[in-house]
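What follows is each chain in one-letter form.
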Amino acid sequence: MSEYESVWCDLQGVAFSQGYLDVAGVRTRYLHAGDRNKPALVLLHGSGGHAEAYIRNLAAHAGHFSTWSIDMLGHGYTDKPGHPLEVDHYVRHLIAFLDTIGAPRAHISGESLGGWVAARAACDHPGRVDRLVLNTAGGSRADPEVMARIVTLSMAAAADPTWETVQARIKWLMADKTKDYDDIVASRQRIYRQPGFVDAMRDIMALQDPQIRARNLLGPREYGAISAPTLVVWTSDDPTADVTEGKRIASMIPGARFEVLPDCGHWPQYESPAAFNALHLEFLLGGRYGNR
C-alpha cells in the first residue's frame, strides 16, 4: 500500500492563512504564507483547479516571499461570474488581486491555464511582473484531441462528482497512476459539488472551444513582448504536450530559461515538490537560493 498523502501533512508546521478578499467586487479565496512585507509571489493553478495545487510549495516559499495561491476567477470557492471565461477575464482579475494586496509588482508563477494567464499578464502589464514562471503552460497551441479530453474529463467530474470521475480527472494530471491522491480528490470533489458548478465548469471550458481558443492563443508577438526574466518548466510526461512544445515556448521569449523535470506529468509542483521548489526558488531569487 502506498503511503497516504495528506494535505494536512503538507501544511504541518507552516504558518499559513486561508481567507477571502474582495477583488474589484469578486470574492476571491486565497491561501497565504510568509511575511506580507516580503516580495509578493502569486501562484496560479490550471483549468478547473484550485489553490491546493500549490499545497506542497507554500512552506518552501514562505521564508522568501509573501506567497499567495488563489482560486482563480470562476474557480474553486472564488465567485463565478456566469459567463464564458477568456484569458483577459483572468488577467484583469489577477491585476485587480495585485492591487488589492497592495503589490505594485509581483513574481507570477502559473501552471497550465495559470501559465497562460501569467504569460498574457506579463505581455500586457510588464510593469507588474517581476519574474515569470510558466509551468507546463497552456495557450501556445490548439490540439483538438487534448482539448476534447480535458472537456470530457472535466464535465464528467462536474456533472457527476463521484469519487471515480473526480479521481480520473486528477490522475490524468499525474505521471504516477498507481497513487490514489485521496486528499486532492476529496478537496476537488467538495468544490465540484457546490450548487451550480456544472455551469461554472462550462464557463471554464470556454477556452477548449476551437473558436474561442483561437482568439486567445499566444504566439511569437505575445511571447516576444515579455520582458520579465522567465523560466519555462516542462516535464517528461506532460499529458497536454511534449517537451518540444515547452522548448518552442521558451524560444519565443527573450532570454527565457528552459528546464525539464523528470517523472512528472502536468503537476510537477505537486509530484516532485523538492525538485520543483529548489528550481523555482533558485530562479526567483536570482541564483541566491542556497547561498544565503
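Source: prediction; values computed, not measured. (Residues numbered from 1 in each chain as written. Predicted model: local features only at pLDDT ≥ 70, side-chain atom pairs only at ≥ 80, totals over all residues. Heavy atoms only, no water.)

J.: Would you mind going over the overall build of the chain in detail, with residue names and values included?
T.: The helix and strand inventory of the chain stands at 13 helices and eight strands. Against the 2.2 N^0.38 benchmark of 19 Å for 292 residues, the chain shows a C-alpha radius of gyration of 17 Å, consistent with a compact globule. A total of 292 residues make up the chain; the buried ones form 57% of that total. Of the roughly 11800 Å² of accessible surface on the chain, 51% is carried by carbon and sulfur atoms. Between the mean site of the 29 positive side-chain charges and the mean site of the 34 negative ones, the chain shows a separation of 4 Å. (Helix = DSSP H or I, 4+ residues; strand = E, 2+ residues; numbered from the N terminus. Rg over C-alpha atoms; globule rule 2.2 N^0.38 Å. Buried < 20%, exposed > 50% of the residue type's maximum accessible area, 1.4 Å probe, protein only. Areas by Shrake-Rupley, 256 points an atom, 1.4 Å probe, with all protein chains shown as cover. Lys, Arg positive; Asp, Glu negative; His and termini not counted. Charge placed at Lys NZ, Arg CZ, Asp CG, Glu CD.)

J.: How would you explain the packing of helix α5 (residues 144-159) against helix α6 (residues 163-173) if you had to name every residue and give the values?
T.: Relative placement of two packed helices is described by the angle separating their axes and the distance separating the axes. Where α5 meets α6, the axes come as close as 8 Å, and the angle between the chain directions of the two elements is 145°. Between α5 and α6 the crossing geometry is left-handed. In contact with R149, I150, L153, S154, A156 and A157 of α5, α6 contributes T165, V166, A168, R169 and W172. In terms of residue class, the contact of α5 with α6 is built from seven nonpolar, two polar and two charged. (Axes fitted to C-alpha atoms, helices over the stretch in contact; angles between N-to-C directions. Left-handed = near helix turned anticlockwise from the far one by under 90°. Contact = heavy atoms within 4.5 Å. Nonpolar A, V, L, I, M, F, W, Y, C, P; charged D, E, K, R; others polar.)

J.: Quick rundown of the pairing of strand β4 (residues 66-70)? Include the residues and the values.
T.: The element β4 is largely enclosed, with a buried count of five among its five residues. Here β4 shows a buried face lined by S66, W68 and I70 and a second buried face lined by T67 and S69. One ladder, built from four bridges, connects strand β2 (residues 26-33) with β4; its direction is antiparallel. Looking across to β4, one finds that L31 is bridged to S69. The sheet contact formed by strand β3 (residues 40-44) and β4 spans five bridges and is parallel. If you follow A40 over to β4, its bridge partner there is S66. (Pairing = 2+ DSSP bridges.)

J.: Summarise the sheet that holds β3; cite the residues concerned and give the values.
T.: In any sheet, the strands associate via hydrogen bonds between backbone groups, in a parallel or an antiparallel arrangement. Read from one edge of the open sheet, eight strands run β1-β2-β4-β3-β5-β6-β7-β8, paired in mixed fashion. Strands with a single pairing partner mark the edges of an open sheet, and in this sheet they are β1 (16-23) and β8 (257-261). Adjacent strand axes in the sheet meet at a mean angle of 20°, parallel and antiparallel pairs treated alike. Sheet topology places strand β5 (residues 106-111) next to strand β6 (residues 129-135); five bridges connect them, and they run parallel. Within β6, the position partnered with I108 by the bridge is L132.

J.: Could you give me a rundown of the packing of aromatic side chains, with the residues and numbers involved?
T.: If you walk through the whole model with that rule in mind, you get six aromatic pairs. Each ring, one from Y30 and one from W68, has its centre 5.1 Å from the other, and the planes form 70°; the classification is edge-to-face. Within this pair, whereas Y30 is found in strand β2, its partner W68 is found in strand β4, the two being separated by 38 residues in sequence. Residue classification places Y30 among the buried positions, given a relative accessible area of 9%. Considering the side-chain rings of Y192 and F197, the 5.1 Å spacing of their centres and the 25° angle between planes classify their relative orientation as stacked. Here Y192 and F197 have matching classes, each one buried. Cluster of aromatic residues (ring-pair linked, three or more members): Y30, W68 and F97. The ring of Y20 is capped by R27, whose NZ or CZ atom sits 3.6 Å from the centre of that ring. Residue placement shows R131 over the ring face of F283; its charged tip is 5.1 Å from the ring centre. (Phe/Tyr/Trp six-rings, centres within 6.5 Å; stacked < 30°, edge-to-face > 60°. Lys NZ or Arg CZ within 6 Å of the ring centre and 35° of its normal.)

J.: Could you give an account of the packing of helix α3 (residues 87-100) against helix α4 (residues 113-124), with specific residues and numbers?
T.: In the contact formed by α3 and α4, the axes pass within 9 Å of each other and the chain directions differ by 70°. Between α3 and α4, the crossing angle belongs to the class labelled roughly perpendicular. Of the residues in α4, those in contact with V87, Y90, V91 and L94 of α3 are L113, W116, V117, R120 and A121. Tallied by class, the residues present in the contact of α3 with α4 amount to eight nonpolar, no polar and one charged. (Parallel < 35°, antiparallel > 145°, perpendicular 65-115°, else oblique.)

J.: Give a description of helix α11 (residues 243-252) that names residues and reports values.
T.: Listed in full, the buried residues belonging to α11 are E245, G246, I249, A250 and M252. All buried residues of α11 fall inside an arc of 165° around its axis, so they share one side. Among the exposed residues of α11, those oriented more than 90 degrees off its buried face are T244 and S251. Considering only its buried residues, α11 is in contact with β6, α10 (220-224), β7 (230-235) and β8. (Arc of directions from axis to C-beta.)

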